[in-house]
Number of protein chains: 2
Amino acid sequence: MATISDVARAAGVSASTVSYVLSGRRPISAETRARVQAAIAELRYHPHAGARALASSRTSVLALVVPLRVDVNVPVIMQFVTAVVTAARAQNHDVLLLTKDEGTAGLERVAGATMVDALIVMDVECRDVRIPALRRLRQPSVLIGLPDDPDGLACVDLDFAATGREIVRHLAGHGHRRIALVGPTPVVYQRGTSYAERFLDGFTSTAAELGVRAVARPCEPGGDGVRACLAGIDAELSGVSALVVHNEEALLPLLDELRVRGRRIPEDVSVVAVCPRDVAVALPVRLTSVDIPAHEVGTLAVELAMGLLDGRGPAAPRLLPPTLVERDTCAPPP
Amino acid sequence: MATISDVARAAGVSASTVSYVLSGRRPISAETRARVQAAIAELRYHPHAGARALASSRTSVLALVVPLRVDVNVPVIMQFVTAVVTAARAQNHDVLLLTKDEGTAGLERVAGATMVDALIVMDVECRDVRIPALRRLRQPSVLIGLPDDPDGLACVDLDFAATGREIVRHLAGHGHRRIALVGPTPVVYQRGTSYAERFLDGFTSTAAELGVRAVARPCEPGGDGVRACLAGIDAELSGVSALVVHNEEALLPLLDELRVRGRRIPEDVSVVAVCPRDVAVALPVRLTSVDIPAHEVGTLAVELAMGLLDGRGPAAPRLLPPTLVERDTCAPPP
DNA sequence: TTGAAAGCGATACCAT
DNA sequence: ATGGTATCGCTTTCAA
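A quick note: this is a predicted structure, and the numbers were derived from the prediction, not measured.

A. Inspection of the UniProt feature "domain: HTH cro/C1-type" (unreviewed entry) in chain A at higher detail. With numbering aligned to this structure, UniProt lists the feature "domain: HTH cro/C1-type" (unreviewed entry) at residues 3-32 of chain A. End C-alpha atoms of residues 3-32 of chain A are separated by 18 Å, and the span's content is 67% helix alongside 0% strand.

Here you go:
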């Protein structure tokens, strides 16, 4: 492989000049630049990443920590990953993929070895054990999610409290007075991923404010889980005219179950979901929903990381405002 | 951060001794080793990846190229990714994530910059433009899939021809004489990802051998696509008693459509799918299927890559034998 | 069994 | 506007 000296020799300049042509960190005459670039192309020169990292203490690599558990929604994760990789590439960075199950050790390994410039961590829990570790690292990190104490760490997420609020307002605006939340599976609450609680808060408090009767139940996956959840709802509150679904796995079995029971959507019951846009539109019926903006969140995470690398300190957590999209599953109560 | 010299000083040895303790490339007295290891722990020393790569021309990083297109099945991809990352970690390697849409340039970039030791490439097409580029790289690569000319490149995949064969035999064994294949979307065939054709070959030729009437149609996504596909099948062959589905997106709408038409599974029509195990069991009805062994394929890909790095040349393509699992959707014809 | 020192291939400071 | 060179932190050959 050609080295920077080979290029320098071929262009009749010094190695440092080649380096400066590449980095643009100092003025170079047009003529010299042209010769150097020709030599680079000629020799198919690619700077050696390791040598660069050693000399500059910059790797141009971001770590991305993804959850690989089965209880989290796979397509959404892939959307985040796609967004992060794409945004990173747009900023001339590559992405090293870590899995959450390596835990704190994985973070310390890649950071300690200076394999990455910054870390982006998905699926952050309220009192995530990794947070103290992240604070200790030499590299900055960006969390996707909102832990209890985000102090000093950059965070991005959908504003789930506002999402709950927005949906309840929307339904109340349509005239619904009795609504129910089909929540995530119990483990999500147990694990303490804050989004579930934030959503629930927004949902519950807004319902109270608006004088809407509301009940919320977690929902186990599968048809049985859905039936159990609906039974719980019915037992607690009769005459529910709208279901809010914050559980993608439950969506399909739920629609199924409603059809089996002969309840038409939206004539007999309205349904509003929180899920990525494509699942909302891919289902048998186009769901009215608040989209989970995976692409925006991922992109923003990368931008925040870049900002931190440029010395712009972590601002307050960035909570993206929800957008409710009316599709075919929401109408006034019967 | 502590460097190898810091460790050496703390342990009262030379830097090279520390290096040898770490690499195990030459005998070290137990006593010295202990002192060095104590110093390493004490100083929380992590070797600098860039420096290491520079000195040894080994990065301990594998590139993984994934398709991010929407027309490929997302959960399956995640399974491959999970398997590769896990297997790589087990061999003390990390994974750099590239997207297919960067094309040849992405491969040349990470290979040229010596960011990785080897590449694993998913979603390989029959005459993939990336293949000549891969051959030119200094680093070895492993393909997941089977191109027209795999010469000199390591390949892993499910044996799709055998899969088609196996399924037809199974149905014929149950007594089916008229069967139909609901294939992937037309774009999959157009793109020339070989698995679709290999499967079709196995399906068609085995049906012919066994004297089973068979028809095959691609299937566009969504309910409309499924209905069009079924219409095409009916027009070509009447009395079909078994459907073979090689299209995950179509699975759910298909089951839906069959129910709407009042055709019971498996009493009126048998269904055999080719899909990952978890989607086969997650659907409303547990599908008889041949599992796509993403985990095995991913793990094997990493092992092949390691082999290539150790100088063990690429053997013939590794095509994994299919396993048909009988569940609830297969019975003798009515 | 251990040490000394020469690279590996860039960057960036100090000169001119 | 350009060049020379110390430096980054490690691996590995050569010596002892």
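B. Quick look at the domain arrangement of chain A. All names here are of chain A. Domain boundaries assigned for chain A yield domain 1 (4-56), domain 2 (61-158 + 294-320) and domain 3 (160-292). Computed over C-alpha atoms only, the centres of domain 2 and domain 3 are separated by 29 Å. Counting residues at the interface gives 17 residues for domain 2, matched by 15 residues for domain 3. Here domain 2 packs against domain 3, burying approximately 1300 Å² in sum over the two surfaces, 46% of which is carbon and sulfur. Put simply, domain 2 and domain 3 have three salt bridges between them. Here domain 2 is connected to domain 3 by seven residue pairs in polar contact (both at pLDDT 80 or more). Sorting the residues of the side of domain 2 that touches domain 3 by element identifies helix 5 (74-90) and strand 5 (154-158) as the ones contributing at least two each. In terms of residue class, the side of domain 2 that touches domain 3 is made up of eight nonpolar, three polar and six charged.

C. Broad picture of the packing of helix 2 (residues 15-23) of chain A against helix 3 (residues 30-43) of chain A. Residues and elements named next belong to chain A. Closest axis-to-axis distance for the helix 2/helix 3 pair is 10 Å, and the angle between their directions is 90°. Relative to helix 3, helix 2 is oriented roughly perpendicular. Between helix 2 and helix 3, the contacting residues are Thr17, Val18, Val21 and Leu22 on the first element and Thr32, Arg33, Val36, Gln37 and Ile40 on the second.

D. Summary view of the environment of Val124(A). Residues and elements named next belong to chain A. Position of valine 124 relative to the elements: it lies in the loop between strand 3 (118-121) and helix 7 (130-136). Residues valine 124 and proline 147, spaced 23 residues apart in sequence, show a C-alpha to C-alpha distance of 6.5 Å. Look past the residues within four positions of valine 124 in its chain and what remains in contact with it is Arg130, Ile131, Leu143, Ile144, Pro147 and Thr193.

E. The interface of chain B and chain A, seen in detail. Contacts between chain B and chain A engage 37 residues on the former and 37 residues on the latter. Summed over both partners, the interface of chain B with chain A buries about 3300 Å², with 67% contributed by carbon and sulfur atoms. For the interface between chain B and chain A, the tally reads four salt bridges. At the boundary of chain B and chain A, one finds eight residue pairs in polar contact (both at pLDDT 80 or more). Those elements that provide at least two residues to the side of chain B that touches chain A are helix 4 (49-56), helix 5 (74-90), strand 2 (94-99), helix 6 (103-112) and helix 12 (248-260) of chain B. At eight residues, helix 5 of chain B tops the list of elements feeding residues into the side of chain B that touches chain A. Within the side of chain B that touches chain A, the residues separate by chemical class into 22 nonpolar, seven polar and eight charged.

F. A look at the packing of aromatic side chains. Residue and element names in this part refer to chain B. A complete count under the given rule lists two aromatic pairs over all chains for this structure. Judged by centre distance (5.3 Å) and plane angle (40°), the rings of phenylalanine 160 and tyrosine 195 are tilted. Taken together, the positions of phenylalanine 160 in helix 8 (residues 160-174) and tyrosine 195 in helix 10 (residues 194-210) put the pair 35 residues apart, joining distant regions of the chain.

G. Main features of the protein's contact with DNA strand C. Contacts to DNA strand C come from 28 residues, most closely from Ile4(A), Ser19(A), Tyr20(A), Thr17(B) and Thr32(B). Atoms of DNA strand C within 4 Å of the protein belong to the sugar or the phosphate in 54% of instances, the rest to bases. In the environment of DNA strand C, a phosphate oxygen lies 2.4 Å from a nitrogen or oxygen atom belonging to the backbone of Ile4(A). Listed by contribution, the elements that provide at least two residues to the surface near DNA strand C are helix 2 and helix 4 (49-56) of chain A together with helix 2 (15-23) and helix 4 of chain B. Broken down by element, the residue count for the surface near DNA strand C peaks at five residues, all from helix 4 of chain A. Considering only residue class, the surface near DNA strand C consists of 12 nonpolar, 12 polar and four charged.

H. Here's a closer look at the side chain of Arg89(A). Tracing the sequence through the fold places Arg89(A) in helix 5. At 3.3 Å, the side chain of Arg89(A) forms a polar contact with the backbone oxygen of His93(A). What Arg89(A) contacts, discounting residues up to four positions off in sequence, is Asp94(A), Glu102(B) and Arg109(B).

I. Geometry of the protein's contact with DNA strand D. With respect to spatial proximity, 28 residues lie near DNA strand D, and among them Thr17(A), Pro27(A), Thr32(A), Ile4(B) and Tyr20(B) are the closest. Protein-proximal atoms of DNA strand D, defined as those within 4 Å of the protein, fall in sugar or phosphate at a share of 53%. Between Thr17(A) and DNA strand D, the recorded distance is 2.5 Å, taken from a side-chain N or O atom to a phosphate oxygen. In this structure, a phosphate oxygen belonging to DNA strand D sits 2.7 Å away from a side-chain N or O atom of Tyr45(B). Examining the composition of the surface near DNA strand D, we find that five residues originate from one element, helix 4 of chain B, more than from any other. Of the residues contributing to the surface near DNA strand D, the split by class is 12 nonpolar, 12 polar and four charged.

Calculation criteria
Residues numbered from 1 in each chain as written. Chains lettered and ligands numbered in written order. Predicted model: local features only at pLDDT ≥ 70, side-chain atom pairs only at ≥ 80, totals over all residues. Heavy atoms only, no water. UniProt positions renumbered as here; feature names shortened; annotations may be inferred. Helix = DSSP H or I, 4+ residues; strand = E, 2+ residues; numbered from the N terminus. Domains from an automatic or database assignment. Contact = heavy atoms within 4.5 Å. Buried area = accessible area lost by both parts, 1.4 Å probe. Salt bridge = Lys/Arg side-chain N within 4 Å of Asp/Glu carboxyl O. Polar contact = N/O pair within 3.5 Å; in protein donor to acceptor, adjacent residues only side chain to side chain. Nonpolar A, V, L, I, M, F, W, Y, C, P; charged D, E, K, R; others polar. Axes fitted to C-alpha atoms, helices over the stretch in contact; angles between N-to-C directions. Parallel < 35°, antiparallel > 145°, perpendicular 65-115°, else oblique. Phe/Tyr/Trp six-rings, centres within 6.5 Å; stacked < 30°, edge-to-face > 60°. Near = heavy atom within 4 Å.

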